[in-house]
Amino acid sequence: MLYTVTVSGQAEQPIPASLAAAWGLAGRPGRGPKPGLSVAQIADAGVRVAATEGLAAVSMARVARELGASTMALYRYVAAKEELLVLMVDTALGPPAPPEPHEQWRAALSRWSWDYHQRLTAHPWAVRVP
């Protein structure tokens, strides 16, 4: 199934199935065995590898080893390393916190900026992901 997302009111753009699953847009198919892994587990493992060994150490094989799974098992959830990197950045940096009720726009922007700065400081490898 092809998943799409509308960005800034423009035409719908296709997104990979792994991102649709990570963002809660895709449900689990009703048939077949229950998956042994999840996209979230795979992304978390990638973040752990990047945090401890650096971004250069992240590969599908290394992340699979971190999870105790085979490399090919990861390809059931994530199509390629590039998708894995996008999922890792989404996991490490996360979405911005919504504005507080009655928060002024400058205060909200300042809070968001400092929060984002703290996340980037905690995960410096994320700025090297193209």
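The residue numbering used here restarts from 1 in each chain and proceeds along that chain's sequence as written. Local features are withheld for residues below a pLDDT of 70 in this predicted model, meaning they are given only at 70 or higher, and side-chain atom pairs are given and counted only at 80 or more; totals for whole chains, interfaces and linings count all residues. Each side-chain value is worked out from all heavy atoms of the structure, with water and hydrogens disregarded.

J.: Sorry, what's going on with the overall build of the chain here?
T.: Scanning the chain from terminus to terminus reveals six helices and two strands. Burial analysis of the chain (130 residues in total) assigns 28% to the buried set. Here a residue-residue contact requires only that any non-hydrogen atoms of the pair lie within 4.5 Å. Taking contacts inside the chain between residues at least 6 apart in sequence as the whole, the part at least 24 apart equals 47%. Element-wise, carbon and sulfur atoms account for 59% of the exposed surface of the chain, whose accessible area totals about 8,600 Å². Numbering of helices and strands runs from the N terminus; a helix is a DSSP stretch of H or I covering at least four residues, while a strand is a stretch of E covering at least two. Here the term buried applies to any residue with accessible area under 20% of the maximum for its type, exposed to any over 50%, and partly exposed to those in between, with areas from a 1.4 Å probe on protein chains only. In this description, accessible areas are obtained by the Shrake-Rupley approach with a 1.4 Å probe, and a residue is regarded as covered only by the protein chains that are shown.

J.: Got a minute to help me understand the packing of helix H2 (residues 39-53) against helix H3 (residues 60-67) in this structure?
T.: To describe two helices that pack against each other, one gives the angle between their axes and the distance between the axes. Fitting a line to C-alpha atoms yields each axis, with helices limited to the stretch in contact; the angle taken between N-to-C directions then spans 0 to 180 degrees. Interhelical geometry of H2 versus H3 gives an angle of 105 degrees and a closest axis separation of 9 Å. By the criterion of interaxial angle, the relationship of H2 to H3 is roughly perpendicular. Only Arg62, Val63, Glu66 and Leu67 of H3 make contact with H2, whose side of the interface consists of Gln41, Ile42, Ala45, Gly46, Arg48, Val49 and Glu53. Gly is put with the polar residues, along with every residue not named as nonpolar or charged; the nonpolar set is Ala, Val, Leu, Ile, Met, Phe, Trp, Tyr, Cys and Pro, and the charged set is Asp, Glu, Lys and Arg. When its residues are assigned to classes, the contact of H2 with H3 shows five nonpolar, two polar and four charged. For classification purposes, angles smaller than 35 degrees are called roughly parallel, those larger than 145 roughly antiparallel, those between 65 and 115 roughly perpendicular, and all remaining angles oblique.

J.: I keep staring at unusual backbone geometry and nothing clicks. Help me out?
T.: Glycine aside, residues mostly have negative phi, and peptide bonds are mostly found in the trans state. Unusually for a residue other than glycine, His102 sits at a positive phi of about 65 degrees. Here His102 shows up in the loop between helix H5 (81-93) and helix H6 (105-122).

J.: What exactly am I supposed to notice about the nonpolar core here?
T.: Nonpolar side chains in soluble globular proteins generally cluster together in the buried interior. Residues belong to one nonpolar core when they are buried, are Ala, Val, Leu, Ile, Met, Phe, Trp, Tyr or Cys, and are joined through side-chain atoms within 4.5 Å. In terms of nonpolar packing, the biggest core is built from 26 residues, with Ile42, Val58, Leu84, Met88 and Trp125 touching the most fellow members. Elements with a minimum of two residues in this core: H2, H3 and H5. Residues contacting Trp125, with those up to four places away along its chain left out, are Val47, Ala50, Ala51, Leu55, Met88, Val89 and Ala92.

J.: Got a minute to help me understand the side chain of Arg62 in this structure?
T.: Mapped onto the fold, Arg62 is located in helix H3. If near-sequence neighbours (up to four positions away) are discounted, Arg62 is found in contact with Val49, Glu53 and Ala57.

J.: Could you clarify how one ought to interpret the pattern of salt bridges in this entry?
T.: Pairing of side chains with opposite charge becomes possible as their charged atoms draw close. Each salt bridge in this description consists of a side-chain nitrogen of Lys or Arg and a carboxyl oxygen of Asp or Glu lying within 4 Å of one another. Tallied over the entire structure, the rule returns five salt bridges. Across the salt bridge formed by Arg62 and Glu53, the nearest N and O atoms sit 2.5 Å from each other. Exposure remark for Glu53: the relative accessible area of 43% places this residue in the partly exposed category. For Glu103, the salt bridge is made with Arg111, and the minimal N-O distance between the two is 2.9 Å. On the basis of relative accessible area, Glu103 is assigned to the partly exposed category, the value being 22%.

J.: Just to check I follow, could you spell out the packing of aromatic side chains for this structure?
T.: Between two aromatic rings, the relevant description is the distance of the centres plus the angle of the planes. Here the aromatic set is Phe, Tyr and Trp, taking the six-membered ring for Trp, and pairing holds for ring centres within 6.5 Å; pairs whose planes are under 30 degrees apart are stacked, those over 60 apart are edge-to-face, and all others are tilted. Inspection of the entire model under this criterion finds one aromatic pair. Note on Trp112 and Tyr116: the rings are 5.3 Å apart at their centroids and 10 degrees apart in plane angle, and the pair reads as stacked. Taken together, the positions of Trp112 and Tyr116, both in helix H6 and four residues apart, correspond to about one turn of that helix.

J.: Explain the packing of H2 against H5 here, please?
T.: Contact pair H2 / H5: the axes reach a minimum separation of 8 Å and the direction vectors enclose 85 degrees. The angle between the axes of H2 and H5 places the two elements in the roughly perpendicular class. Along the contact surface, H2 presents Val39, Ile42, Ala43, Asp44, Gly46, Val47 and Ala50, while H5 presents Leu84, Leu87, Met88, Thr91 and Ala92. Of the residues contributing to the contact of H2 with H5, the split by class is nine nonpolar, two polar and one charged.

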